[in-house]
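Results of the structural survey
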Amino acid sequence: MDPLLRLWGVSLGYKGRPVLDGVSFVIERGEFAALLGPNGAGKTTLFRGILGLIPVLAGRIEYGFDRRATPPGYVPQKESLDPIFPLTAYEVVLMGAAARVLPLWPVGRRRRHLAAECLARVGLSDAAEEPFWALSGGQKQRVLIARALAVEPPLLLLDEPTAGVDPGAEAAIIDVIMRLNRDEGLTVVIVSHHLRLVREVVRSVIWVEEASATKGTAAEMLSTERLVDAFGTAAGRPL
Amino acid sequence: MSTLAEMLSRDFLLHNALVGSVLVGLVCPLVGVYFVLRRMIFLGVALPQLSAAGVAFAFLLKSVAGVHQHGESGERVLAIIGSLGFAFVGLLVLAALERQGRQTVEARIGITYAFAAAASILFVAADPYGEAEMTHLLKGDIVTTTGTGLRLLAGVLGAVALALFALRKEFLLVSFDRDMAVVLGKRAALWDTVLYLLIGVTISFGVMTAGPLVTFGFLVAPPLTARLVTRHMPAFSVVAAAFGAVTAFVGFYFAYRFDLPLGPMDVALAIFVLIFVGVFRGAVRAVRWRRLQR
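All of these numbers come straight from a predicted model, not from anything done at the bench. (Residues numbered from 1 in each chain as written. Chains lettered and ligands numbered in written order. Predicted model: local features only at pLDDT ≥ 70, side-chain atom pairs only at ≥ 80, totals over all residues. Heavy atoms only, no water.)

1. Brief notes about the overall build of chain B
How we decide: Helical segments are the DSSP runs of H or I of at least four residues, strand segments are the runs of E of at least two, and each set is numbered from the N terminus. Taken over C-alpha atoms, the radius of gyration is set against a globule rule of 2.2 Å times the number of residues to the power 0.38. Think of it in three bands: with a 1.4 Å probe and only protein chains considered, a residue is buried below 20% of the maximum accessible area for its type, exposed above 50%, and partly exposed in between.
Looking only at helices and strands, chain B features 12 helices and 0 strands. Ordered by position from the N terminus, the helices and strands of chain B form the series α-α-α-α-α-α-α-α-α-α-α-α. Compactness check: chain B gives a C-alpha radius of gyration of 20 Å against a globular reference of 19 Å for 294 residues, within 12% of the reference. Overall, chain B is about 75 × 55 × 30 Å in size when its C-alpha atoms are taken along their principal axes. The proportion of buried residues among the 294 residues of chain B is 49%.

2. Description of the overall build of chain A
Of the regular secondary structure elements, chain A holds 9 helices and 9 strands. Computed over the C-alpha atoms, the radius of gyration of chain A is 18 Å, within 12% of the 18 Å expected from 2.2 N^0.38 for a compact globule of 239 residues. Considered along the principal axes of its C-alpha atoms, chain A spans approximately 50 × 40 × 35 Å. Each of the 239 residues in chain A was classed as buried or not, and the buried ones make up 56%.

3. Examining the pairing of strand β8 (residues 204-209) of chain A
Residues and elements named next belong to chain A. For clarity, the threshold we go by: By the convention used here, strands pair only if DSSP detects at least 2 bridges between them.
Among the 6 residues of β8, 5 are classified as buried, and the element is accordingly described as predominantly covered. Inspection of the sheet shows strand β3 (residues 32-36) paired to β8 by 4 bridges, in the parallel sense. Following the sheet pairing, alanine 33 is matched in β8 by serine 204. Note: β8 against strand β9 (residues 212-217), 6 bridges, orientation antiparallel. Following the sheet pairing, isoleucine 206 is matched in β9 by lysine 215.

4. A short note on the pairing of strand β1 (residues 3-14) of chain A
All names here are of chain A. Pairing geometry for β1 and strand β2 (residues 17-28), over 8 bridges, is antiparallel. Each bridged residue has a counterpart across the sheet, and for valine 10 the counterpart in β2 is valine 23. Taking the residues between adjacent antiparallel strands as the criterion, β1 and β2 are bridged by 2 residues, where lysine 15 takes a positive phi near 50°.

5. Here we look at the sheet that holds β9 of chain A
Residue and element names in this part refer to chain A. As a reminder of what qualifies: Angles here are taken between N-to-C directions and fall from 0 to 180 degrees, while the axes themselves are lines fitted to C-alpha atoms, restricted in helices to the stretch in contact. Working rule for contacts: check all heavy atoms of both residues, and any pair within 4.5 Å makes them a contact.
Taken in spatial order, the 6 strands make up an open sheet running β5-β6-β7-β3-β8-β9, and their pairing is mixed. If you trace the sheet from one side to the other, it starts and ends with β5 (73-75) and β9, each paired once. Strand-to-strand twist of the sheet, defined as the mean angle between neighbouring strand axes without regard to direction, takes the value 15°. Sitting on the sheet, helix α1 (residues 43-51) is in contact with β3, β5, β6 (155-159), β7 (187-191), β8 and β9, with an inclination near 150° to β6.

6. Some points on the sheet that holds β1 of chain A
All names here are of chain A. In spatial order, the strands read β2-β1-β4; together these 3 strands make up an open sheet with antiparallel pairing. Each edge of the sheet is formed by a strand with only one pairing partner; in this case those strands are β2 and β4 (56-63). Between one strand axis and the next, the sheet turns by 10° as a mean value, whatever way the strands run. Note that β1 and β4 share 6 bridges and pair antiparallel. Across the sheet, the residue bridging to arginine 6 is glutamate 62, located in β4. Each of β1, β2 and β4 is contacted by α1, which is oriented at about 120° to β1, the strand it contacts most.

7. Side note on the confidence of the model for chain A
Let me state the cut-off plainly: A score between 0 and 100, pLDDT records how confident the predictor is in each residue.
Residues with a pLDDT of 70 or more make up 95% of chain A, whose mean pLDDT is 89. Taken element by element, chain A is modelled with least confidence in helix α9 (residues 233-236) of chain A, mean pLDDT 55, and with most confidence in helix α2 (residues 89-97) of chain A, mean pLDDT 95.

8. Some words on the pattern of salt bridges
Note the cut-off: Note on definitions: salt bridges are taken to be side-chain nitrogens of Lys or Arg within 4 Å of carboxyl oxygens of Asp or Glu.
Per the stated rule, a full pass over the model turns up 15 salt bridges over all chains. Linking arginine 48 of chain A and aspartate 179 of chain B is a salt bridge whose minimum nitrogen-to-oxygen distance equals 3.0 Å. A residue pair is termed interchain when its members come from two chains, as with arginine 48 of chain A in helix α1 and aspartate 179 of chain B in helix α9 (residues 178-183). The exposure class of aspartate 179 of chain B is partly exposed, given its relative accessible area of 21%. Close ionic contact of arginine 178 of chain B with aspartate 192 of chain B constitutes a salt bridge, the shortest N to O distance being 2.3 Å. Of this pair, arginine 178 of chain B sits in helix α9 while aspartate 192 of chain B sits in helix α10 (residues 188-229); the two residues are 14 residues apart in sequence, bridging distant segments of the chain.

9. Overview of the interface of chain A and chain B
What counts here: By buried area we mean the combined loss of accessible area, with a 1.4 Å probe, across both parts when two parts are placed together. Contacts described as polar in this section are N or O atom pairs within 3.5 Å, which, within protein, must combine one atom able to donate a hydrogen with one able to accept it, while residues neighboring in sequence count only if both atoms come from side chains. Following the grouping adopted for this structure description, the nonpolar residues are Ala, Val, Leu, Ile, Met, Phe, Trp, Tyr, Cys and Pro, the charged ones are Asp, Glu, Lys and Arg, and the polar ones are all others, Gly among them.
Counting from both sides, the interface comprises 35 residues of chain A and, opposite them, 27 residues of chain B. Between chain A and chain B, the buried area comes to about 2700 Å², and carbon and sulfur atoms account for 63% of it. Ranking the residues of chain A by area buried against chain B places Ile84, Phe85 and Pro86 of chain A at the top, with a combined share of 25%. There are 3 salt bridges connecting chain A and chain B. Here chain A is connected to chain B by 11 residue pairs in polar contact (both at pLDDT 80 or more). Contributing elements (two or more residues each) for the side of chain A that touches chain B: α1 and α2 of chain A. Looking at which element gives the most residues to the side of chain A that touches chain B, the answer is α2 of chain A, with 4 residues. Grouping the amino acids of the side of chain A that touches chain B by side-chain chemistry returns 26 nonpolar, 3 polar and 6 charged.

Below, the structure is given as structure tokens:
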């Protein structure tokens with residue numbers, strides 16, 4: 001047991017009103033977990049709470065790493081970023097690489113090299129000088145994964161990384177995430193509606209429903225009854 | 001050609017006005033790129049108006065309280081305090097309302113503009129003294145720029161440009177992906193405040209030097225033009241500033257040569273450049289597209 005993230009009776013919500021209450025679970029180092037549940041159940045709230053984007057109303061979240069020195073890698077949905085910014089793929093990744101550079105200090109050669117290396121890790125070296133907004137949905141998502149990797153994080157958190165991309169791009173994204181977890185031992189937590197993806201690649205599932213969250217293995221948590229109950233009859237069919 | 005030579009001569013009567021105009025044209029777009037990127041362009045019209053209302057308010061207070069600051073420097077200090085105060089408070093209130101998600105952006109900025117425009121007129125109407133001087137300041141009578149005023153303007157706008165350059169990676173991160181900035185442990189609210197402070201200072205000095213109309217024009221038009229032709233952030237800022245400075249210089253040339261008002265000339269020219277670059281870029285794209293289809 002080597003916990004990387006531990007939630008103790010955590011309450012999360014907005015403007016003092018809890019959406020989730022009494023949430024407790026542990027994420028082990030090297031684990032690949034998915035946050036799953038019906039729409040509006042509180043997946044995003046839990047995700048944002050873990051990232052520190054919303055305050056914890058009660059309980060506590062313990063990180064098995066120094067959040068200031070090594071922040072988690074955050075991969076938002078590509079739609080949340082405005083295409084008006086004139087940035088190349090490399091410049092987007094450089095934002096992650098420059099995370100630990102103090103204000104007023106220039107981004108040094110090592111950080112620039114790290115950004116290029118992270119782009120290579122997601123297979124996008126050739127797109128480094130392409131405008132970020134001109135990339136395909138799948139490529140944008142991989143650039144954002146590269147940006148998260150450039151932070152050199154102990155934990156990678158991804159918000160619906162395969163939303164709105166075609167099957168080919170989806171396979172490329174999943175391949176990158178699986179390699180990072182399997183080959184590099186990076187702990188991954190993913191928010192997804194993609195049941196086939198979750199069944200195939202994720203070892204554990206945090207099921208968010210009725211203002212609470214329960215963790216178990218993928219096999220336990222993705223029972224036909226639970227899926228039919230949450231998503232309707234189509235979700236319970238064998239994939 | 002002789003007009004150009006005259007303008008470039010050291011003895012040029014309007015040397016201070018020319019340099020001041022180019023400085024405003026150079027630095028306003030550097031701030032304006034964040035208006036464009038953060039999709040707050042209409043804030044660019046509301047804030048200069050608010051800043052102008054601040055100038056009028058400061059003069060009104062002086063008259064009502066019977067405080068008499070004598071001489072040009074005293075008037076200028078009052079104008080700076082009023083202008084900066086209104087611009088900065090307005091920015092902070094708008095930012096706070098934005099975070100609370102009250103009303104739409106358009107509604108907030110529209111109300112701010114309407115309030116600022118009405119308040120400016122009311123403050124001027126209520127002030128029994130110094131209306132002419134205040135009207136000059138509100139119009140941004142750049143022709144009257146003195147050596148001291150120019151040095152102050154150069155110092156302040158130079159400091160703003162330096163700060164924007166030095167803190168560019170922080171400003172870019174909080175503007176592009178605020179959540180990411182927070183996750184990385186950056187104080188997003190602090191960086192927003194610093195950026196707003198720089199915006200407030202630039203607008204205040206821009207308004208006092210060139211007036212609200214020119215300030216708005218230079219905040220918005222050169223960055224929009226630069227956005228059409230650049231693919232990198234550093235190039236975006238540099239090209240926007242270059243467009244602004246060149247427009248200010250050429251605008252000054254036309255205004256002087258044909259005896260036209262400088263402010264409207266600058267703005268009309270900036271908009272003309274924007275339209276020209278937009279049409280030219282569209283034509284180039286159309287030609288490329290046709291070639292690809294062949």
